[in-house]
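Take a look at the letters that make up each chain.
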2 protein chains.
Amino acid sequence: MSNPSNIPNATISRLVTYLRILEKLEAQGINRTSSNHLAEWAQVSAFQVRKDLAYFGRFGTRGMGYTVNVLKRELRRILGLNRPWNVVILGMGRLGQALANYPGASDYEFSFVGLFDVDPDKVGTQVRGMTIQHLEGLSEFARQQPVEMGFLAVPPERAQDAAQALVDAGVKGILNFAPVVIQPRTFERPGREPEIADEWRGVIVENVDFLAGMKRLAFFILNPGLRDLDTEVEV
Amino acid sequence: MSNPSNIPNATISRLVTYLRILEKLEAQGINRTSSNHLAEWAQVSAFQVRKDLAYFGRFGTRGMGYTVNVLKRELRRILGLNRPWNVVILGMGRLGQALANYPGASDYEFSFVGLFDVDPDKVGTQVRGMTIQHLEGLSEFARQQPVEMGFLAVPPERAQDAAQALVDAGVKGILNFAPVVIQPRTFERPGREPEIADEWRGVIVENVDFLAGMKRLAFFILNPGLRDLDTEVEV
């Protein structure tokens, strides 16, 4: 990519959306598309689509649009989806089980390599052919194989400690489903700003907050017409 | 708000994040905060925080920051969370059940008023004290009480039809958990562009795609350092 430091986080979110659209087009046997079509499906402007893609190179032919499977492959490469990722799930309640069985994960190289809980009724039982392990065993587990991502599906009051267990095990990316903000561990320094603990440097937390979606819906239902605008391109 | 048509969708997402942070601060007994603090927690710049809030008015005092419970109340009002919302869930598998039991929904005026499925083994059973109804009964159910939001937790191959059932029942906001893109119903017009069906006008679909979160994580793990930048403010 030409200048990675200028890429807005929102662009990455949109690339994920474009990829999903391209996969659907490919499944329908459609071979070509355009920024206008991608824009319509993604609910942004065609200008935004072209701007987002331009951060990473040139993919289309002027006036000809994009070849679906070529752009799909490029987006998978840009997003890092052309390599395997080892994922663990912490918290094997209804949500953790739903995630372990989530349709579509198998289309990517995401592998659920470990399922963890602290409930003695759950530890030792099977979900999708895997035995649920006790959370205490996570660090040993992670010494035997790299664990790159962790899903937090624990109750909110356990989320911070569970996140710490993930980070202590070397996890660099956390998908947090608990409705709480996860904080990096910090330590105090007399007379200075608190400093982030070493194990948290470079750790990314993505929050999947069901309520956030409900809250955005509430706003857009009350303010019809705003949703289709893509005013960011007008800045 | 001064000029609603200029509000980027991303601002609404961030308002939801700020609100979550303010609620956490209030729970910790903290009465005052600043754009710097909100920015740090939300992983954006302080300039972005001030810009997002400025769309809706003036909330802080220069040099004094914000009163936590005042800003919280204002954000709840802006987002439409100071009024009740009737929500139904379609699909009562593990995910639908997890959603019905999701902690935190009760802090808001979101009420799960109906749970629906098509599986005869599920219809008639109880979840959280409510009886699961057959999807066929949704339109009649919606005539008896307004249903404003619907959660789609059905298998991907059923999502489009289930969305249509929600919209036919008058639902204006859909939170889609299925890993597919929901399309408005359109009808063909000879020699012209397809036209969106009346019942879909003004309908908002928010996608909660667990895989989207995983894909963003993959990118940010492979491109460390990008995540903390908030380059949108530099536009």
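Quick notes on the rules
Each chain has its residues counted from 1, running along the sequence as written. All chains are assigned letters beginning at A, and all ligands numbers beginning at 1, according to the order in which they are written. In keeping with the model being predicted, local features are shown solely for residues with a pLDDT of at least 70 and side-chain atom pairs are shown and tallied solely at 80 or more, while totals for entire chains, interfaces and linings include all residues. The basis for every side-chain value is the complete set of heavy atoms in the structure, and neither hydrogens nor water enter the calculation. Here, any two strands with at least 2 DSSP bridges between them count as paired. Note on conventions: DSSP H or I runs of at least 4 residues are helices, E runs of at least 2 residues are strands, and numbering of each starts at the N terminus. Contacts are residue-level and defined by heavy atoms, with any inter-residue pair within 4.5 Å sufficient. Working convention: axes come from line fits to C-alpha atoms, limited for helices to the stretch in contact. Angles between N-to-C directions cover 0 to 180 degrees. Least-squares superposition of the copies uses the C-alpha atoms of those residues scoring a pLDDT of at least 70 in each of them. Within this document, salt bridges are pairs made up of a side-chain nitrogen of Lys or Arg and a carboxyl oxygen of Asp or Glu, the two lying within 4 Å of each other. Relative accessible area decides the class of each residue, using a 1.4 Å probe on protein chains only: under 20% of the type maximum gives buried, over 50% gives exposed, and in between gives partly exposed. Reported buried area values correspond to the accessible surface (1.4 Å probe) lost by two parts on association, with both partners' losses combined. The definition of a polar contact used here is a pair of N or O atoms within 3.5 Å, where within protein one atom must be able to donate a hydrogen and the other to accept one, and adjacent residues in sequence count solely through side-chain atom pairs. Under the scheme applied, nonpolar residues are Ala, Val, Leu, Ile, Met, Phe, Trp, Tyr, Cys and Pro; charged residues are Asp, Glu, Lys and Arg; polar residues are all the others, including Gly. UniProt positions are given in the numbering used here, feature names are shortened, and annotations may be inferred rather than shown by experiment.

**So, the sheet that holds strand S4 (residues 110–117) of chain B**
And then number 1: Taken together, 6 strands build an open sheet; the order of strands is S7-S4-S3-S8-S9-S12 (chain B) and the sheet is parallel. Taken across any chain shown, the strands that pair with only one partner, and hence form the sheet edges, are strand S7 (133–134) and strand S12 (204–207) of chain B.
And then number 2: Note that strand S8 (residues 149–152) of chain B and strand S9 (residues 173–176) of chain B share 4 bridges and pair parallel. Residue pairing across strands places phenylalanine 151 of chain B opposite leucine 175 of chain B, the latter belonging to S9 of chain B.
And then number 3: On top of the sheet, helix H8 (residues 210–222) of chain A reaches strand S3 (85–90), S4, S8, S9 and S12 of chain B; it is set at about 155 degrees to S9 of chain B, its chief contact.

**Examining the relation of the copies chain A and chain B**
And then number 1: Note on the identical chains: chain A maps onto chain B by a rotation of 180 degrees and an axial translation of 0.0 Å, with an RMSD of 0.0 Å. Both chain copies can therefore be described as sitting about a two-fold axis.
And then number 2: Comparing interface residues between copies, 100% of those in chain A also lie at the interface in chain B; the contact surface is shared.

**A closer look at the pattern of salt bridges**
All names here are of chain B.
And then number 1: In total, this model carries 24 salt bridges over all chains according to the counting rule given.
And then number 2: Put simply, aspartate 119 and lysine 122 hold a salt bridge, and the shortest N to O gap is 3.4 Å.
And then number 3: On the accessibility criterion, lysine 122 (23% relative accessible area) is partly exposed.
And then number 4: For arginine 201, the salt bridge is made with aspartate 198, and the minimal N-O distance between the two is 3.3 Å.
And then number 5: Given a relative accessible area of 39%, arginine 201 falls into the partly exposed group.

**Section: the interface of chain A and chain B**
And then number 1: Facing 79 residues of chain A, the contacting portion of chain B comprises 79 residues.
And then number 2: Across the chain A to chain B interface the summed buried area is about 7,600 Å²; carbon plus sulfur atoms make up 69%.
And then number 3: Summed over the three residues of chain A that lose the most area to chain B, namely Arg20, Tyr102 and Lys215 of chain A, the buried surface amounts to 10% of that side.
And then number 4: The partner of arginine 216 of chain B in a salt bridge is glutamate 206 of chain A, and the shortest N-O contact between them spans 3.0 Å.
And then number 5: Along the contact surface separating chain A from chain B lie 6 residue pairs in polar contact (both at pLDDT 80 or more).
And then number 6: Of all the secondary-structure elements, those providing two or more residues to the side of chain A that touches chain B are helix H1 (9–27), helix H4 (68–79), strand S3 (85–90), helix H5 (94–100), strand S8 (149–152), strand S9 (173–176), strand S12 (204–207) and H8 of chain A.
And then number 7: The biggest single contributor to the side of chain A that touches chain B is H8 of chain A, with 13 residues.
And then number 8: Looking at the side of chain A that touches chain B, its residues break down into 50 nonpolar, 15 polar and 14 charged.

**A few points about the UniProt feature "binding site: NAD(+)" (unreviewed entry) in chain A**
Residues and elements named next belong to chain A.
And then number 1: When the UniProt feature table is mapped onto this chain numbering, "binding site: NAD(+)" (unreviewed entry) sits at Gly91, Met92, Gly93, Arg94, Leu95 and Gly96.
And then number 2: In this structure glycine 93 comes out as partly exposed when scored by relative accessible area, which is 23%.
And then number 3: Setting aside residues no more than four positions away along its own chain, glycine 93 makes contact with Asp117 and Lys122.
And then number 4: Of note, glycine 96 is situated in helix H5.
And then number 5: When neighbours within four sequence positions are excluded, glycine 96 is seen to be in contact with Ile89, Gly91 and Ala153.

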